[in-house]
Amino acid sequence: FCLAPRTVHFLVKRSYFKSVWGRILTGVGQIPIEQRTGDREALAIAKSLLADGHVVGIFPEGTRGAGTVESAHQGAAWLALQTGATIVPTATLGTRGTGSGRESWPKPRSPIAISFGEAFDLPDFKGVPGRQKLTLATEEIRTRLVEQVQAAVAETGLQLPTDAPPPA
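So, a few notes on the structure that sits alongside this text. The structure displayed is predicted, hence computed values, not measured ones. (Residues numbered from 1 in each chain as written. Predicted model: local features only at pLDDT ≥ 70, side-chain atom pairs only at ≥ 80, totals over all residues. Heavy atoms only, no water.)

## Details of the overall build of the protein
Part 1: The helix and strand inventory of the protein stands at four helices and five strands.
Part 2: Tracing the protein from N to C terminus, the helices and strands come up as β-α-β-α-β-α-β-β-α.
Part 3: Looking at the protein as a whole, 33% of its 168 residues are labelled buried.
Part 4: For the protein, long-range pairs separated by at least 24 residues make up 60% of all intrachain contacts whose partners lie at least 6 apart in sequence.
Part 5: Within the structure as shown, the protein displays about 10,700 Å² of accessible surface, and the carbon and sulfur contribution to it stands at 54%. (Helix = DSSP H or I, 4+ residues; strand = E, 2+ residues; numbered from the N terminus. Buried < 20%, exposed > 50% of the residue type's maximum accessible area, 1.4 Å probe, protein only. Contact = heavy atoms within 4.5 Å. Areas by Shrake-Rupley, 256 points an atom, 1.4 Å probe, with all protein chains shown as cover.)

See below:
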């Protein structure tokens, strides 16, 4: 959040707020979310922030993965469809130790790169029923995010963790 050009309110796993980091996360405006339940309270807060012109950051994969974005949750698409928010696909490389598991941290002084893609709005999807519209919007976001990750890898030379297949 501190590397973005504007203040970003991220949806952050609720359990992190129960640790020593909780006060810091709250103090810098992050939003606790219970990932398993589709937390309506967190989504309502995010929707309100977007409606007021603020920026909300969402990790569509739901957790730090290998970076291949093989799947995405529907929260980002739902918020964009509800508010008309513009989406900026963003890739963050170097946040995991190479060859390490999802909960690992990079070694000190390891390079980390943030790559912001071109902003886009979701298509109108006129005449498409609600659930199908949400599915199509989620796939559009996932596809754009995959493209951004691939562009970031090419631009920075940083690779996805070794447990991930190389980008296509």
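Still more ground to cover, so stick around.
## Details of the packing of helix H3 (residues 75–83) against helix H4 (residues 130–156)
Part 1: Axis separation between H3 and H4 bottoms out at 8 Å; the angle between their running directions is 110°. Classed by the angle they form, the pair H3 and H4 counts as roughly perpendicular. Between H3 and H4 lies a crossing of right-handed hand. Listed contacts from H4 to Ala76, Ala77, Trp78 and Leu81 of H3 are Lys133, Leu134, Ala137, Thr138 and Ile141. (Axes fitted to C-alpha atoms, helices over the stretch in contact; angles between N-to-C directions. Parallel < 35°, antiparallel > 145°, perpendicular 65-115°, else oblique. Left-handed = near helix turned anticlockwise from the far one by under 90°.)

## Notes on the pairing of strand S1 (residues 8–13)
Part 1: Taking burial as the measure, the six residues of S1 include five buried ones, the bulk of the element.
Part 2: Where S1 and strand S3 (residues 55–57) come together, three bridges link them in parallel fashion. Residue phenylalanine 10 lies in a different strand from S3, and its bridge partner there is glycine 57.
Part 3: Alignment of S1 against strand S2 (residues 31–33), held across three bridges, turns out to be parallel. Within S2, the residue paired with lysine 13 across the bridge is isoleucine 33.
Part 4: This β-α-β element, S1 to helix H1 (residues 22–27) to S2, shows right-handed connectivity. (Pairing = 2+ DSSP bridges. Right-handed = clockwise from strand over helix to strand, strands pointing away.)

## Considering the sheet that holds S2
Part 1: Read from one edge of the open sheet, three strands run S2-S1-S3, paired in parallel fashion. Looking along the sheet, the strands with just one partner apiece sit at the ends: S2 and S3. Taking each pair of neighbouring strands and ignoring which way they run, the sheet shows an average axis angle of 30°.
Part 2: Strands in contact with helix H2 (residues 40–51) are S1, S2 and S3; relative to S2, the strand with the most contacts, it is inclined by about 145°.

## Side note on the side chain of glutamine 148
Part 1: Structurally, glutamine 148 can be placed in helix H4.
Part 2: Taking the relative accessible area as the measure of exposure, glutamine 148 reaches 10% and is therefore buried.
Part 3: Not counting the four nearest positions on each side in its chain, glutamine 148 is found in contact with Pro89, Thr90, Ala91, Ser115, Phe116 and Gly117.

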